[in-house]
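Structure at a glance
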Amino acid sequence: MIHDLAPLHFENAYHNIKPEDGDRIISMSDGRILLGGEKQKIIFPQFADLSKQDQGSFIYLFAIGEERFFLGRDIEADGYRYEDIKVLRKCAPHSMVYAGLVGMQLARWYEAHRFCGRCGTAMEADERERMMRCPACGQMEYPKICPCVIVGVIHDGKILVSQYRGGFTDHYALIAGFAEVGETIEETAIREVYEETHLSIKNLRYYKCQPWPYSESLLFGFFAELDGTEKIILEEDELTMAKWVTPEEIFEKPDDFSLTNEMLCKFKDGEVDIMCD
């Protein structure tokens, strides 16, 4: 999946440092990201590529292997253009794509925490850790992630697939949703399946997790078996479709990107029976 960067290592500890000429800059502008190169080999500008007027304030983000990444905003650089963040799904290499996605996630967090939610004072970045502090009331804000489930429900040699309103229409999704306050992640899986399809499940089996910067979440993948009737009652506020499909009806191909795709391909290849026997 997209976060699998081996043999490179993703190191996200915060450092209060300034960029040097060889460091990469991730710049965001109106939700778009600054890219260079071609889709099969994208790159981000190095600090040395920037004009003097753009060499202002930067925030250290993380390192991948030997390369360090910093956050900028509304920067221009020759040979680079701003693209919709969605284009990263079809780009390479993995290390640059993942850097762009996590950089986008952190950019959104900094943008959303410019002012204190308690008293409205302008926030200040802490010098020792990735945290925003209010100089007036002392409120501290750290980056947060949202736990989320993806559930592959199995029944009679078929898997439950869906499509979400506002989501992708060119491939299948699995039932998914965010955890609510006070519930376990297993309870989330059971609740989401029932809320969206009125189906009950049993024998919930954890499969794998994935950081998912698009929704600032940590995805927990589960397989489960149907418990009771197979009749679907669709929650039309969220879903446009939900149905049972056989392995032969799944048209997804492995893309090394998302947990949903990997789970569907595992079922398609007959590798799920052992998990749900």
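Reference entry: report on the structure contained in this document. Treat the numbers as computed from the prediction; the structure is a model and nothing was measured.

Here we look at the overall build of the protein chain
- From N to C terminus, the protein chain includes three helices and 16 strands.
- Dimensions along the principal axes, computed over C-alpha positions, put the protein chain at roughly 65 × 45 × 30 Å.
- Across the protein chain, contacts joining residues at least 24 apart in sequence account for 66% of those joining residues at least 6 apart.
- Within the structure as shown, the protein chain displays about 14600 Å² of accessible surface, and the carbon and sulfur contribution to it stands at 49%.

Here we look at the nonpolar core
- In terms of nonpolar packing, the biggest core is built from 72 residues, with Ile26, Phe62, Phe69 and Ile159 touching the most fellow members.
- The leading source of residues in this core is helix 1 (residues 94-112), at 11 residues.
- Counting 12 residues, the second largest nonpolar core, distinct from the first, contains Phe47, Phe58, Phe70 and Tyr82.

Considering the packing of aromatic side chains
- Scanning the model with the defined rule gives 13 aromatic pairs in all.
- On the basis of an interplanar angle of 70° and a centroid distance of 5.6 Å, the ring pair of Tyr207 and Phe223 is categorised as edge-to-face. With Tyr207 in strand 14 (residues 201-212) and Phe223 in strand 15 (residues 217-226), this residue pair connects regions lying 16 residues apart in the sequence. Here Tyr207 matches Phe223 in class, with each residue buried.
- A centroid spacing of 5.7 Å and a plane angle of 85° characterise the contact between Trp212 and Phe257, whose relative ring orientation is edge-to-face.

Focus on the pattern of salt bridges
- Under the counting rule described, the total for this entry stands at 15 salt bridges.
- Measuring nitrogen to oxygen at the nearest pair gives 3.8 Å for the salt bridge that ties Arg68 to Glu20. Here Glu20 lies in the loop between strand 1 (10-11) and strand 2 (24-29) and Arg68 lies in strand 6 (residues 67-73), a separation of 48 residues in the sequence.
- Between Lys266 and Glu271 there is a salt bridge; the shortest N-O distance is 3.1 Å.
- Residue Lys266 is classed as partly exposed on the basis of its relative accessible area, which comes to 26%.
- Judged by relative accessible area, which is 38%, Glu271 ranks as partly exposed.
- A cluster of three or more residues bridged by salt bridges with shared partners is formed by Glu180, Glu183, Arg191, Glu192 and Glu195.

Looking at the sheet that holds strand 9 (residues 132-133)
- The three strands lie next to each other as 8-9-10, forming an open sheet whose pairing is antiparallel. The open sheet has two edge strands, strand 8 (124-125) and strand 10 (140-141), and neither has a second partner.
- As defined by bridge partners, strand 9 adjoins strand 10 across two bridges and the pair is classed as antiparallel. Counterpart to Met132 in the pairing with strand 10 is Glu141.

Observations concerning the side chain of Gln210
- You can see Gln210 is positioned in strand 14.
- The exposure class assigned to Gln210 is buried, which follows from its relative accessible area of 0%.
- A polar atom in the side chain of Gln210 sits 2.8 Å from the backbone nitrogen of Leu259.

Description of the environment of Ile190
- Tracing the backbone through its elements, the reader meets Ile190 in helix 2 (residues 185-197).
- For Ile190, a relative accessible area of 42% gives the class partly exposed.
- In this structure, the C-alpha to C-alpha distance between Ile190 and Ala224, residues 34 residues apart in sequence, is 9.3 Å.

Some thoughts on the side chain of Glu252
- Relative to the helices and strands, Glu252 resides in the loop between strand 16 (239-245) and helix 3 (259-268).
- In this structure Glu252 is buried but unpaired, with Lys268 as the nearest side chain of opposite charge at 6.9 Å.
- When sequence neighbours within four positions are dropped, the list of residues in contact with Glu252 reads His171, Tyr172, Asn261, Leu264, Cys265 and Lys268.

Overview of the pairing of strand 14
- One ladder, built from nine bridges, connects strand 14 with strand 15; its direction is antiparallel. Bridge assignment links Arg205 to a residue of strand 15, and that residue is Phe223.
- In sequence, strand 14 turns back onto strand 15 through a hairpin of four residues, with Glu216 there showing a positive phi of about 55°.

The rules behind the values
Residues numbered from 1 in each chain as written. Predicted model: local features only at pLDDT ≥ 70, side-chain atom pairs only at ≥ 80, totals over all residues. Heavy atoms only, no water. Helix = DSSP H or I, 4+ residues; strand = E, 2+ residues; numbered from the N terminus. Contact = heavy atoms within 4.5 Å. Areas by Shrake-Rupley, 256 points an atom, 1.4 Å probe, with all protein chains shown as cover. Core = buried A, V, L, I, M, F, W, Y, C linked by side-chain atoms within 4.5 Å. Buried < 20%, exposed > 50% of the residue type's maximum accessible area, 1.4 Å probe, protein only. Phe/Tyr/Trp six-rings, centres within 6.5 Å; stacked < 30°, edge-to-face > 60°. Salt bridge = Lys/Arg side-chain N within 4 Å of Asp/Glu carboxyl O. Pairing = 2+ DSSP bridges. Polar contact = N/O pair within 3.5 Å; in protein donor to acceptor, adjacent residues only side chain to side chain. Lys, Arg positive; Asp, Glu negative; His and termini not counted.

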